[in-house]
Structure formats: structure tokens, C-alpha cells
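# Architecture and fold: a report
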Amino acid sequence: MSAINRREALKKVAVVGTAAAAAGAVAAKAQADVYNFANEEDQVEVVGGWLTSKKGNKHMPIVKVEREGDIATIAVEVKHPQGAMHHIEAVHLYDEDRLLIASAYFHPERSKPKATFALRVPQGAKLLAVGDCNLHGLWFTEFVV
Ligand SMILES: [Fe+2]
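Residues numbered from 1 in each chain as written. Predicted model: local features only at pLDDT ≥ 70, side-chain atom pairs only at ≥ 80, totals over all residues.

### Quick word on the sheet that holds strand β4 (residues 71-77)
Hydrogen bonds along the backbone pair up the strands of a sheet, which may run parallel or antiparallel. Pairing is antiparallel in the open sheet, where three strands are placed in the order β3-β4-β7. Among the strands making up the open sheet, the edge pair consists of β3 (62-68) and β7 (114-120). With strand direction ignored, the average angle separating the axes of adjacent strands in the sheet is 20°. Pairing geometry for β3 and β4, over seven bridges, is antiparallel. Among the inter-strand pairings, Arg 67 is bridged to a residue of β4, identified as Ala 72. (Pairing = 2+ DSSP bridges. Helix = DSSP H or I, 4+ residues; strand = E, 2+ residues; numbered from the N terminus. Axes fitted to C-alpha atoms, helices over the stretch in contact; angles between N-to-C directions.)

Printed below as a string of C-alpha cells:
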């Protein structure tokens, strides 16, 4: 390799190295965000690969249930900021065997993570509301209808 080619090659390595460092910084920030959202103060538990918190972490779906006959109206909201880089993509309702019953999907900037479902489910059934954060994974609230 000539001296000029070696110099050009070193410049390219420096550019690639800078880009990798920037990507590393972004990844480190995302990792720090995960710890900020899932720290000991939140008492976060992992159950079957999904997260839950006893202290009301902002990823936790908030559920309100009203029943009329055999239909349960279930309102689910996640009080999580919405933005292009970090948002709730969807909320899902599962039965206690983790079979999917219903889902709602959200635009990162044009919708709030809030939906209402009308389901025919037996009284006393145990369900899971799951919020899906694009950075921090699946968070569930267990409730009874
Ligand atoms: Fe999040």
C-alpha cells in the first residue's frame, strides 16, 4: 500500500470508528433508559418474558372494566410519552392462558396509547392487558372482568 492509500484508508477507519462510537452512545443511552424505566424502585418483575411493576411504572396498562350482561367493556390506557423514537406501539388483551383476544395499534406521533374493547368473556375471568413499548418491551397488568 502506498503512503497516500494508507492515509486514505486511515481516514476511512476514523470515520467508521466515529460512526460506531456514536451508535454505541445511542445504544448506551437506550440501555440507560431501560434501567430508568425498570429499576428496583419500580419493583419490576419478569413473568413469562413480560414485565410488570407493583409501583405503577409508566409502561403499565391502566385498566377500567364495566360489565353489561355478558359483555365486558374494557378501557386500557398506558400513560407513556409518544414520539417517533420511543412510544407504545400497541396494547393487547390476552386470556390467562396467554391466548390473544384483541389488539389496538397506535401511530407513534398521531395517537395516544388508549383503546376500549367490548368482549364477551365470562364474569370473573382473569385477563392480561399488555402494553408494547418499542424500546422497553412488553408490560402487563393482570385484572379480573
Ligand atoms: Fe418505554
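Next, the rest of the story.
### Some words on the pairing of strand β5 (residues 88-95)
In this structure, β5 lies alongside strand β8 (residues 126-133), joined through seven bridges in antiparallel fashion. Its bridge partner lying in β8, Ile 88 is registered against Cys 133. Where β5 lies against strand β6 (residues 100-105), five bridges are found, and the strand directions are antiparallel. Bridged to Leu 93 within β6 is Ala 102. Hairpin connection between β5 and β6: a loop of four residues separates the two successive antiparallel strands, and Arg 98 in this loop has a positive phi of roughly 65°.

### Some remarks on the environment of His 86
As for its placement among the helices and strands, His 86 is situated in the loop between β4 and β5. Given 16 C-beta atoms within a 10 Å radius, His 86 is considered partly exposed. Each C-alpha atom, one on His 86 and one on Leu 135, is 6.3 Å from the other, the two residues being 49 residues apart in sequence. Ignoring sequence-local partners within four residues, the contact set of His 86 consists of Pro 81, Asn 134 and Leu 135. (Buried ≥ 20, exposed ≤ 12 C-beta atoms within 10 Å, placed from the backbone. Contact = placed C-beta atoms within 7 Å.)

Remember that the coordinates give geometry; whether it matters functionally is a separate question.
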